[in-house]
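Tertiary structure, described
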Amino acid sequence: MEYKQYVIGVIVSNVSGVLSRVSGMFTRRGFNIDCLTVGETESAGFSRITVAFRGDNDIRDKILKQLEKLHDVKEVEVLDPNDTVIRELLLIKVHNSPATRQDIMTAVEIFRSKIVDYSPSALICELTGETSKIDAFIELMKPYGIMEMCRTGIVAIERGDNCLKTMKQL
Amino acid sequence: MRITGAKIVVETLIEQGCETVFGFPGGQVIDLFDELYLSSDRIHHILTAHEQGAAHAADGFARATGKVGVCIATSGPGATNLVTGIATAYLDSVPVVAITGNVPCSLIGRDSFQEVDILGVTMPVTKHNFIVKDIRELADTLRSAFKIAKSGRPGPVLVDIPKDVQTAEWDFEPRPDPVRPYPLTFASENKLRRAAELINAAEKPYIYFGGGIVSGKASKELLALADKTDAPLGSSLMGLSAVPYDCPRFLGMNGKHGHYASFAALTEADLVIALGVRFSDRSAFEGDNLPRIIHIDIDNAELDKNVPADLAIEGDIKDSLYRLIPMLGEHEHPEWSARIEELRNEERRRYALADSRRGDIAGKIAPHDIIGVVSSLASEDDIIVTDVGQHQMWTAQMYPLRKPRTFLTSGGLGTMGYGMGAAIGASAATGRRAVLFTGDGSFGMSLNELATAVSQKTPLVVVIMNNGVLGMVRQLQTRFYDKHYSATTLARQTDFVKVAEAFGAKGGRAANADELRALAEEAFAYDGTFVIDCAVDCDEAVQSPLRETD
């Protein structure tokens, strides 16, 4: 069966333990998470979780229903990839050497990345973009020697005036 | 009025209509127990022998009445001892509020004495759980716990209260009424119309109902639906007691340990109307040749979870049926009814064959004789409770249940040791007699609660089907493991009559049906707890509709 990636936005009460409840549901029911991010929203009482996972329609529906059952989950929505801005942030540290420096700089420029730290032996690039762009940049950096890297996982928000809000927030 | 957190807990429990709680004290709930002591004229605390017994008692209280059952335990081991009871309630959708003490907030996270993260431990087995670190939120959190426990598909909620929150003081204003559940979910009219079309077109409909009929109080509507559609009824284990056993349309429990006719009719039906069930793996609902399925349940997450339905409807079961029935024509399916009758005859033939092969075994009582004798003496209002194992399936198959909420069993989790606590809780809730069918294995896990039954003067008849083995597992070992009876032969020398007497109960032993009758007559006339130890042969097997005979 061909699985595709789904991205869902989840509005939750901003209370302690809520991340455990949401991530625990995935573990407990045997669903796999590609990535999960959580952060504040425009309303103090609520956080927003973005989860990406692979599955078919059936798995997607089961995940949505199980999330909706959690008391702290106020809103769940599958985000349409064609109508959603999806971004991820990458920080990547690569070896800095005279031989490779120029090639790295070129790649950084083409990808509209930024060098945010520079030392004689290492440099750190910052890159924002869709997952595929991040993946491509990492591939490009591999030959230069990746010392360490860190990516945030995706955040996603729908285009236009569609908003994922609970009645309480409105 | 400004009162302590401990008093807020007690006042909120009383406000929520809670008259009886089950629990066991400890260092971190001593303040709460002090308030229970001071308010003992308004709220009755029943001390159990073990916290697990308290959790099962709260569960039994809830199952017997439909009200929220409450149990209280201290931090650490007190809290973890509740877990099996909470999980039992969770799997069977029973409204329970569990209150645990915890170490003071300043000591949380430091592996303090008797500290455990009970929130983390119970997250997967509760509908929701709370820790209250701010006394200002205490009363409303408890109210939320009751609201969540009894809303929609019921379930257990745990509230963890650190000791310093119990001793702090805050203003408390009692509410005039208990919290109301969240508004019901009503099925969509369009979906009900589509259901009606499918039902009107069906030639071999079969109604498969579960515990949702009991908790949704929809027995009357269920029977009306069966009459109008001329459909047989089969239940899950949890559905038992929703309709009287002798209802002509009722074929009994289906599934792997169900009645043959109920099971076979399900496999031959062209439409299964599944009501308040979750298609557990025990329902034997698998394979490629599934009939069309209409599934109605209050929990949206159960729809299409285990078995895909052709039409899945989320909604309150009583309301759904009430609105669905007028959309249906009056149906008669004479061929289907005739086929059902054939299946019933085949079932009778199979049971008679099994009986004749079995014959009489000297010094042992047949399980159906045990149930026959006991049920002939019990009243239809007595609450029938089981533990888990062969005796549970025999009781589920054969006991003549007549009224909803008179059959309490651990269906989903299958908790051995459930019965004693549940029986005590059910009897405390209703003032009626409880009859516990148990096995020597299960009873060994909970017989400490005889102490509670005796101290509470619980009218309770305990019927032990004592075969000296862990029969359900042994039965599997007989069939599938070359009779390697690994760890299922008990070889114990426990004298259950002496055990009963040592706890202050009465007891007797029966090796044949006449002895059993004499003892049972004494037991049902006795105003207290009476244990009957019945000798059962170790090779008695639970019949399965999946094969001819064992």
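Let's shift gears to the overall build of chain B. Helix and strand counts for chain B stand at 21 helices and 20 strands. Relative to its length of 550 residues, chain B is compact, with a C-alpha radius of gyration of 24 Å against a globular reference of 24 Å. Each principal axis of the C-alpha atoms in chain B carries an extent, and together these give about 70 × 60 × 45 Å. Long-range pairs, those at least 24 residues apart, make up 77% of the contacts in chain B with a sequence separation of at least 6.

The helix and strand inventory of chain A stands at 4 helices and 9 strands. Overall, chain A shows an N-to-C arrangement of helices and strands of β-α-β-β-α-β-β-α-β-β-α-β-β. For chain A, the spread of C-alpha atoms along the principal axes amounts to about 55 × 40 × 30 Å. The burial tally for chain A puts 22% of its 170 residues in the buried class. Long-range contacts, defined here as pairs at least 24 residues apart, represent 75% of the contacts in chain A between residues at least 6 apart.

With that out of the way, let us pick up the packing of helix α14 (residues 367-377) of chain B against helix α21 (residues 513-525) of chain B. All names here are of chain B. Viewed as axis vectors pointing N to C, α14 and α21 meet at an angle of 30°, and their least axial separation amounts to 10 Å. Looking at the two axes, α14 sits roughly parallel to α21. For the crossing formed where α14 meets α21, the hand is right-handed. Between α14, through Asp369, Ile370, Val373, Val374 and Leu377, and α21, the contact on the second element is made entirely by Ala513, Leu516, Arg517, Ala520, Glu521 and Phe524. When grouped by side-chain class, the residues that make up the contact of α14 with α21 number 8 nonpolar, no polar and 3 charged.

Attention shifts here to the sheet that holds strand β15 (residues 383-386) of chain B. Residues and elements named next belong to chain B. Reading across from one edge, β16-β15-β17-β18-β20-β19 is the order of the 6 strands in this open sheet, with parallel pairing throughout. Each of the sheet's edge strands pairs with one partner strand only, and the pair in question is β16 (407-408) and β19 (506-510). In the sheet, β19 pairs with strand β20 (residues 529-535) via 5 bridges, with the strands oriented parallel. By the bridge assignment for β20, alanine 510 is matched with cysteine 534. Against the sheet, helix α20 (residues 496-503) touches β18 (460-466), β19 and β20, its axis set at about 170° to β19.

Each partner contributes to the interface: chain A provides 12 residues, whereas chain B provides 10 residues. The element that contributes the greatest number of residues to the side of chain A that touches chain B is helix α2 (residues 57-69) of chain A, accounting for 6 residues.

Residues and elements named next belong to chain A. Domain parsing of chain A yields domain 1 (4-79) and domain 2 (85-155). Taking only C-alpha atoms, the centre of domain 1 and the centre of domain 2 are 29 Å apart. In this assembly, 6 residues from domain 1 lie in contact with 5 residues from domain 2. Those elements giving two or more residues to the side of domain 1 that touches domain 2 turn out to be β2 (33-40) and β3 (46-55). Counting residues per element, the side of domain 1 that touches domain 2 draws most heavily on β2, at 3 residues. Looking at the side of domain 1 that touches domain 2 residue by residue, the class counts come to 4 nonpolar, 2 polar and no charged.

All right, on to the nonpolar core then. In globular proteins that are soluble, nonpolar side chains generally tend to be buried together. Residue and element names in this part refer to chain B. The biggest cluster of nonpolar side chains holds 120 residues, and the ones touching the most others in it are Cys71, Ile86, Val96, Val97, Val463, Ile532 and Cys534. Leave out the neighbours within four places in its chain, and isoleucine 86 touches Ala55, Val96, Ala98, Thr122, Val125, Thr126, Pro156 and Leu158. In terms of nonpolar packing, the next biggest core, distinct from the first, is built from 48 residues, Ala202, Tyr208, Ala261 and Ile296 among them.

With that settled, the discussion passes to helix α4 (residues 77-91) of chain B. Residue and element names in this part refer to chain B. An ideal rise of 1.5 Å per residue puts 21 Å on 15 residues; α4 measures up with 22 Å between its terminal C-alpha atoms. Valine 83 marks the point of greatest bend in α4, at about 35°. Of all the 15 residues making up α4, 12 are buried; the element is thus mostly covered by neighbouring parts of the structure. Along α4, the positions that sit buried rather than exposed are Gly78, Ala79, Leu82, Val83, Thr84, Gly85, Ile86, Ala87, Thr88, Ala89, Tyr90 and Leu91. Those residues of α4 that are buried are in contact with α3 (51-65), β4 (69-73), β5 (96-102), α5 (118-122) and β7 (156-162). Just beyond α4, the residue with positive phi is serine 93, at close to 55°.

This paragraph deals with the sheet that holds strand β2 (residues 20-23) of chain B. All names here are of chain B. One open sheet holds the 6 strands; their spatial order is β3-β2-β4-β5-β7-β6, and the pairing between them is parallel. Pairing within the sheet leaves two strands with one partner each, and these edge strands are β3 (44-47) and β6 (128-131). Across the sheet, the mean angle separating the axes of adjacent strands is 20° when strand polarity is ignored. In the sheet, β2 pairs with β3 via 4 bridges, with the strands oriented parallel. Residue pairing in the sheet places threonine 20 in a bridge with histidine 44 of β3.

Attention now goes to α21 of chain B. Residues and elements named next belong to chain B. Its 13 residues place the ends of α21 18 Å apart at the C-alpha level, agreeing with the 18 Å of an ideal helix rising 1.5 Å per residue. Among all positions in α21, only Leu516, Leu519, Ala520 and Ala523 are buried. The arc that holds the buried residues of α21, viewed along the axis, is 105°, so those residues lie on one side. Opposite the packed face of α21, turned more than 90 degrees from it, sit the exposed residues Asp514 and Ala525.

Analysis parameters
- Residues numbered from 1 in each chain as written.
- Chains lettered and ligands numbered in written order.
- Predicted model: local features only at pLDDT ≥ 70, side-chain atom pairs only at ≥ 80, totals over all residues.
- Helix = DSSP H or I, 4+ residues; strand = E, 2+ residues; numbered from the N terminus.
- Rg over C-alpha atoms; globule rule 2.2 N^0.38 Å.
- Contact = placed C-beta atoms within 7 Å.
- Buried ≥ 20, exposed ≤ 12 C-beta atoms within 10 Å, placed from the backbone.
- Axes fitted to C-alpha atoms, helices over the stretch in contact; angles between N-to-C directions.
- Parallel < 35°, antiparallel > 145°, perpendicular 65-115°, else oblique.
- Left-handed = near helix turned anticlockwise from the far one by under 90°.
- Nonpolar A, V, L, I, M, F, W, Y, C, P; charged D, E, K, R; others polar.
- Pairing = 2+ DSSP bridges.
- Domains from an automatic or database assignment.
- Core = buried A, V, L, I, M, F, W, Y, C linked by C-beta atoms within 7 Å.
- Expected span 1.5 Å × (residues − 1).
- Bend = angle between axes of the 7 residues up to and from the residue.
- Arc of directions from axis to C-beta.

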